[in-house]
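Chains, contacts and geometry: an overview
Here's the letter readout for the chains.
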Protein chains: 2
Amino acid sequence: MNLIDMGMRAQNAARVLAVSSAEARNAALTACARALLDHQNEILAQNALDLAAGTDSGLSPAMLDRLALTEARIAGMADGIRAVRDLPDPLNRVLENRVLSSGLLLEKISVPIGVIAVVYEARPNVTADSAALCLKSGNAVILRGGKEAIRSNTAIADALRAAVASAGLPEDAVQLVSDTSRESAAQLMRLNGYVDVLIPRGGKGLIRAVVENASVPVIETGAGTCHVYVDKEADLGMAAEILFNAKASRPSVCNACECVLVHKDVAEQFLPRAAKLLSQKNVEIRGDARVCAVLPCAVPATDEDWGKEYNDYILAAKVVDSIDEAMEHIYRYGTKHSECIVTENDEAAERFLNEVDAAAVYLNASTRFTDGGEFGMGAEIGISTQKLHARGPLGVRELTSMKYKLRGKGQVR
Amino acid sequence: MNLIDMGMRAQNAARVLAVSSAEARNAALTACARALLDHQNEILAQNALDLAAGTDSGLSPAMLDRLALTEARIAGMADGIRAVRDLPDPLNRVLENRVLSSGLLLEKISVPIGVIAVVYEARPNVTADSAALCLKSGNAVILRGGKEAIRSNTAIADALRAAVASAGLPEDAVQLVSDTSRESAAQLMRLNGYVDVLIPRGGKGLIRAVVENASVPVIETGAGTCHVYVDKEADLGMAAEILFNAKASRPSVCNACECVLVHKDVAEQFLPRAAKLLSQKNVEIRGDARVCAVLPCAVPATDEDWGKEYNDYILAAKVVDSIDEAMEHIYRYGTKHSECIVTENDEAAERFLNEVDAAAVYLNASTRFTDGGEFGMGAEIGISTQKLHARGPLGVRELTSMKYKLRGKGQVR
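Structural notes, computed from the coordinates. Once a new chain begins, its residue numbering starts again from 1 and follows that chain's sequence as written. Written order determines the labels here, with chains lettered from A and ligands numbered from 1. Only residues with pLDDT of at least 70 are given local features in this predicted model, and only at 80 or more are side-chain atom pairs given and counted; all residues enter the totals for whole chains, interfaces and linings. As a convention, hydrogens and water are excluded, and side-chain values are obtained from all of the structure's heavy atoms.

1. Digging into the pattern of salt bridges
Residues and elements named next belong to chain A. Within this document, salt bridges are pairs made up of a side-chain nitrogen of Lys or Arg and a carboxyl oxygen of Asp or Glu, the two lying within 4 Å of each other. All chains considered together, the criterion is met by 56 salt bridges over all chains. With a shortest N-O distance of 3.3 Å, Arg73 and Asp65 are connected by a salt bridge. On the basis of relative accessible area, Arg73 is assigned to the partly exposed category, the value being 35%. Throughout this description, buried means an accessible area under 20% of the type-specific maximum (1.4 Å probe, protein chains only), exposed means over 50%, and partly exposed covers the range between. Under the relative-accessibility criterion, Asp65 is labelled partly exposed at 43%.

2. Observations concerning the relation of the copies chain A and chain B
What sets the superposition is a least-squares fit of C-alpha atoms, and only residues with pLDDT of at least 70 in both copies go into it. When chain A is fitted to chain B, the residual RMSD is 0.0 Å, and the transformation amounts to a turn of 180° plus an axial shift of 0.0 Å. The transformation relating the two chain copies, once decomposed into turn and shift, fits a two-fold axis. Rotation axis and chain A: the residue whose C-alpha lies nearest the axis is His389(A), separated from it by 1.8 Å. Here, two residues are considered to be in contact whenever any of their heavy atoms come within 4.5 Å of each other. An overlap of 100% is found between the interface residues of chain A and their copies at the interface of chain B, pointing to a shared contact surface.

3. With respect to the packing of aromatic side chains
A pair of aromatic rings is counted whenever rings of Phe, Tyr or Trp (Trp by its six-membered ring) have centres within 6.5 Å, and the orientation is called stacked for planes under 30 degrees apart, edge-to-face for over 60 and tilted otherwise. Inspection of the entire model under this criterion finds four aromatic pairs over all chains. When the ring of Tyr229(A) is compared with that of Phe352(A), the centres are 6.4 Å apart and the planes differ by 20°; the resulting orientation is stacked. You can see Tyr229(A) sitting in strand S7 (residues 226–230) and its partner Phe352(A) sitting in helix H14 (residues 346–355), a full 123 residues away along the chain. Phe352(A) matches Tyr229(A) in its accessibility class, with the two residues each being buried. Note on criteria: charge over ring means Lys NZ or Arg CZ within 6 Å of the ring centre, with the direction from the centre no more than 35 degrees off the ring normal. Taking the ring centre of Tyr331(B) as reference, the NZ or CZ of Arg15(A) above it sits at 3.6 Å. Only DSSP runs of H or I with at least four residues qualify as helices, and only runs of E with at least two residues qualify as strands; both kinds are numbered from the N terminus onward.

4. Structural notes on the interface of chain A and chain B
Contacts between the two partners involve 75 residues from chain A and, on the opposite side, 75 residues from chain B. Accessible area that two parts lose when put together, evaluated with a 1.4 Å probe and summed over both, is termed the buried area. In total, about 6,200 Å² of surface goes out of reach between chain A and chain B, with carbon and sulfur atoms giving 50% of it. Considering only the surface of chain A that becomes buried against chain B, Leu388(A), Tyr404(A) and Arg413(A) emerge as the three largest contributors, covering 14% of it. Taken together, the links from chain A to chain B amount to 10 salt bridges. A salt bridge links Glu350(B) to Arg407(A); the shortest N-O distance between them is 2.8 Å. In the analysis that follows, any N or O atom pair within 3.5 Å is treated as a polar contact, provided that within protein one partner can donate a hydrogen and the other can accept it, and provided that, for residues neighboring in sequence, both atoms belong to side chains. Applying the counting criterion to the chain A and chain B interface returns 45 residue pairs in polar contact (both at pLDDT 80 or more). Of all the secondary structure elements, the ones that give two or more residues to the side of chain A that touches chain B are helix H1 (3–18), strand S2 (105–112), helix H9 (204–213), helix H10 (236–248), helix H13 (323–333), H14, strand S13 (360–365) and strand S16 (400–411) of chain A. When residues of the side of chain A that touches chain B are assigned to their parent elements, the largest contribution, 11 residues, is made by S16(A). The residue inventory of the side of chain A that touches chain B, partitioned by class, reads 35 nonpolar, 19 polar and 21 charged. As paired strands, S13(A) and strand S16 (residues 400–411) of chain B are joined by five bridges and run parallel to one another. Each residue gets one label: Ala, Val, Leu, Ile, Met, Phe, Trp, Tyr, Cys and Pro are nonpolar, Asp, Glu, Lys and Arg are charged, and the others, such as Gly, are polar. Any two strands with at least two DSSP-identified bridges between them are counted as paired.

5. Section: the state of the cysteines
Here, the term disulfide refers to a pair of cysteine sulfur atoms separated by no more than 2.5 Å. One pass over the full model with this rule turns up zero disulfides over all chains. Cys297(A) forms no disulfide, and the closest cysteine sulfur to it belongs to Cys292(A), at a distance of 8.8 Å. As a non-bridged cysteine, Cys340(B) has Cys257(B) as the owner of its nearest cysteine sulfur, 8.0 Å distant. By relative accessible area, Cys340(B) is classed as buried at 0%.

As structure tokens, this is what we get:
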């Protein structure tokens, strides 16, 4: 596997994409969506081989489910590509436009980033999603999926490449790394001069490996230990519904709530009410001493429960003396992803919204809304938990950079 | 040297800064400017020790000049701090404000990045400039200057820290790493969880070491191999003035021109005219065969001259057959910093502005304008040559991140 060669091909494709019209990129996306449906049988056949190999090698049922494709899932991928196509063009937006004191006319314009590398694990739909988001935003993409999905990914990428070429754009706009060894991922992380940004999508181990080892610019994604703070002036019915939704509607995702913090004045009323709702989904509550005193069903929490990302039907719970203690806990144990206060008190609400440092801070709403679709950005390539470049859902606009165009009449300095 | 301890102090200071008022930060900047003047004698005395040590260890005259402080230079640093103070507040700007389909009210607000680390070399003014830009933008800063300037930097940082404290903000908003060993820089580059972004300011070796070794997010700065392309429809008098300014007004900086590309149709007229101007500053011209055929004074260029950052009174020169050849040369050898076309032809101008990928692309103006001050951004902490987060001059706005505030009425998903 010659990743430098792939990097050069990606750069050449990126040059063409950077000056392509929105119409040409949209036509390529239309062709991509159709190609997935046209090649459905090959993709399903290759996926069956991946699933058989995965079963043999003892993948967990959850992993096998993430890996599995069906006609409906392929149709969903095609729909997703068309939805990305129908987003507004993120390129050539005029971000600023002003005359400098020198008389130069300055325009700040959105442009593609260039070459985006995506390192991910077993989900083959990431191949189609990432390719579509990059194509829409004029970027070439180098995809490095996990070995469990290599046959499925190859079939998908082949279909997409042919579709891009059929629409008159370079097939190397989409490339898949066929070598799924650790070495290929490591090499991609250090492909400076070819890769403009690397986005890891996957579990903590993957993210950590990328952050530790990459020399190319990285956007960290995905770690989410989100809290719901129930203030002493909360509407307790609303608070219970928000907590139930944030915890139990889809516990495996990064915007799910992992810990509830309850003001001491309302703990006795709120906790039994919330526990009753949560018991519908058999959520295990791990509480501090004050929670356990109110809730006989709660399991005593240990120090390891604070800040823990369960991604499961488990909830840490703590009684706090004040909003300050709640914010201090969030500062110490949160991952700056999504944090929520439930309160009817304006002053408490504004303090929390201003003082809590996270990509998304909620008043009286579930943390589950941190999502490109919900934010009106269309699909997302991940949720950034770093503060550089972009924070929160990464949609097509977040996959752009900018440049300054300056028009003069002979000005010198 | 316990950098983790410094990281924790910086984070605590950053928390206070993030919720401080613009007035409080401006008052701290006023105090900083005054403190430099009040402590002028100590700073000059420490600088004299640095200069003596530098002379003993054989620093070059250019290095000694960059290291040297005078009353006028300290006054300049104080003026710089006040100019940063007088910029508009970059925080709490409403970047977006809309109602989502769920009914949530979304606000996207500018916030500080958090903790910024700056690694730099021998110039003590970087200490004051960086501290001022970070303070204005609500960030805590960890400064790691070169060993040549450690006494000067310590005196400056001590004055600034006391000034910040006197204005009621935490002195740890500004910290200087007293250990100037390679190990301290290496440790800072891997201080994940404490440092939100690291900005290297200095020569190529420093930038490369940071890019290779850092695991914290980095903004690359400073590499500039800028070109001026003189089109066949250029105003040749204007082109010569622009080239002369871009090359010779200050050759040591990154926005200086290193290479001129001349269309073959105008080479015979343009090159002697430009050479005459450039000879005023004894600029050495290293030309390809076609340049040397026209200009007897030119030295034959070798392959190493293309893409070279001389930072000196030397200019590479090449005759090209077309605008396409010029853009191809820039693609291959440029550093995506600043590139210029001189032409009266609108079509050529628009092609160059659209197709050349650089932080700043100029029509009929000197590349020397790529500068925070000239762009109306105030001072800059560096010029980014990467495409993530910010490109071109990094002013106080570029030292901010953002967060989403979402206000609901009990929405769940």
